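Examining the three-dimensional arrangement
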There are 2 protein chains.
Amino acid sequence: MSSVITFYDIPSKTPGQAWSPNTWKIRYALNFKGIPYKTVWVEYPDIEKVSKKIGAPPTNEKPDGAPFYTLPAIYDPSTNTAVSESILIAEYLDKTYPDTPKLLPGDTHALQRAATNAFLPGGGPGLQFAIPATHRILSSASEGYFRRHREPLFGKTLEELTPTGPERDVEWAKVKARFNDVDKWLRGGEGPYFLGKTPSFIDFDVGARLYWYRTIFGEDSAEYTDILSWNEGRWAVYAEGLKQYETVTV
Amino acid sequence: MSSVITFYDIPSKTPGQAWSPNTWKIRYALNFKGIPYKTVWVEYPDIEKVSKKIGAPPTNEKPDGAPFYTLPAIYDPSTNTAVSESILIAEYLDKTYPDTPKLLPGDTHALQRAATNAFLPGGGPGLQFAIPATHRILSSASEGYFRRHREPLFGKTLEELTPTGPERDVEWAKVKARFNDVDKWLRGGEGPYFLGKTPSFIDFDVGARLYWYRTIFGEDSAEYTDILSWNEGRWAVYAEGLKQYETVTV
């Protein structure tokens, strides 16, 4: 049995290509802390079964009130503990591995929670673009599940979801407006990250979103290159700076 | 001419009774820092004129694109500087008075900005209750202006605005849900404040909202006593702890 943390992530159809903005927060975190881990890839339909098996608690409720299980989750054999929900995993890692760089340094715990709540609330704008693009990179084991669970949320098929023509410009401008807000928060600081030169949890949240867009739209896509040009290239600096934490240990 | 900071606040019909959740953030801040100041009370219709006179910049745009002036604003004769918008005033005070307790301590600047954005976004829920109650405490010089500017935002008269019956319960539950979110952010911290035992800017934002409710609904009102009972009395502790910064220096 392995003595390192098991990190549960959602695969794409490209082997070893992690993509989820939710799980990337924790992959960034583990790499940043230098905590050894191995990845177990879990297709969407298996998340509940795997979570129950390792004892990771549900993170939400389904519309019918039944428990809802999500990734990221980790299992740490050194403490025999399973943790789900990214902020709780961040707290666990800071507490259990006190000699590693802090995700929630000093007393910023509550502020980090509030800040992640302010960044792209409710999934944020741009989902009409990102959800269909995500569906295209999923493996056959997940794509049907993803479609069945996402289409009712929007009341549209994935093919109908992405706006076209002038509506596309309006919706894309909302994505830009949200990044403008975050740019405003960061102005006046030392940068490039929220707390200065060293990233913390909120930066991995922002970075995970950028990573998601890079993966699903493509590095040379109109969408991703547009984002990197916003706010005097702030997001290009961000994405570049976080690359050192992007190793996918499998 | 006075050598202390002039703090521009919005009066109520009770002399010396400050109430605005926006300006209270800065009154708390000045009291917390122990920076001497005097209050100049500015009725709503005079805010633009006074702001222009002291050179405080507009903080927003009117629907027609014209500059929009708001309070709080301060004028500091020691640097001959006028500052408007609460977060900018907080930054100014920290920078100009480095020997006073910090509103944005350490590197928390960007996180504080994000957190205030997460707390009651867009004015937050509960405005249907708070706007009519605010109108009732305004002086005759402001109440007409307030009515003319608020009613179009809601498409209702102030008298029609506050929900009744089951709708009231639904809307009030949204206020509670928002405080539940903030409670969640604060859990696991040392407390009672975001950064622990010492308040910082975000706490004065939360505190100013509580002060507003206390003033417009009344300390013994059903609304305010309900709020103080939420989240195991967290807001009662908050409100009590901030009382030491509630001196209204006129």
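Residues numbered from 1 in each chain as written. Chains lettered and ligands numbered in written order. Predicted model: local features only at pLDDT ≥ 70, side-chain atom pairs only at ≥ 80, totals over all residues. Heavy atoms only, no water.

Chain A has the name GST N-terminal domain-containing protein in an unreviewed UniProt entry, where Asterophora parasitica is given as its organism.

So, unusual backbone geometry
Most peptide bonds take the trans configuration, and most residues that are not glycine carry a negative phi. Between G191(A) and P192(A) the backbone carries a cis peptide bond, its omega angle lying at 0°. In this structure, P192(A) sits in the loop between α8 (165–186) and α9 (201–217). Of note in this structure, N80(B) is not a glycine but carries a positive phi near 55°. One can find N80(B) in the loop between β5 (73–76) and β6 (81–84). Judged by its relative accessible area of 58%, N80(B) is exposed. One non-glycine residue, N231(B), lies in positive phi territory at about 50°. Among the structural elements, N231(B) can be located in the loop between α10 (222–229) and α11 (234–242). Its relative accessible area of 13% is what places N231(B) among the buried residues. (Helix = DSSP H or I, 4+ residues; strand = E, 2+ residues; numbered from the N terminus. Buried < 20%, exposed > 50% of the residue type's maximum accessible area, 1.4 Å probe, protein only.)

A few points about the interface of chain B and chain A
With 22 residues of chain B at the contact, the number on the chain A side is 22 residues. A buried area of about 1800 Å², summed over both sides, lies between chain B and chain A, and 63% of it is on carbon and sulfur atoms. Three residues, D107(B), L111(B) and W185(B), lead the burial of chain B against chain A; their summed loss comes to 33% of the area buried on that side. Counting across the interface, chain B meets chain A through zero salt bridges. Across the contact surface, chain B and chain A share zero residue pairs in polar contact (both at pLDDT 80 or more). (Contact = heavy atoms within 4.5 Å. Buried area = accessible area lost by both parts, 1.4 Å probe. Salt bridge = Lys/Arg side-chain N within 4 Å of Asp/Glu carboxyl O. Polar contact = N/O pair within 3.5 Å; in protein donor to acceptor, adjacent residues only side chain to side chain.)

Thoughts on the UniProt feature "domain: GST N-terminal" (unreviewed entry) in chain A
Listed under "domain: GST N-terminal" (unreviewed entry) in the UniProt record, and renumbered for this structure, are residues 10–101 of chain A. Taken end to end, residues 10–101 of chain A has its terminal C-alpha atoms 26 Å apart, with 35% of it in helix and 18% in strand. (UniProt positions renumbered as here; feature names shortened; annotations may be inferred.)

Side note on the sheet that holds β6(B)
All names here are of chain B. Pairing is mixed across the open sheet formed by four strands, whose spatial order is β2-β1-β5-β6. Because the sheet does not close on itself, it has two edges, and the strands there are β2 (37–41) and β6. On average, each strand axis in the sheet is inclined to that of its neighbour by 20°, with strand direction left out of account. Bridge analysis of β5 against β6 gives four bridges, and the strand direction is antiparallel. (Pairing = 2+ DSSP bridges. Axes fitted to C-alpha atoms, helices over the stretch in contact; angles between N-to-C directions.)

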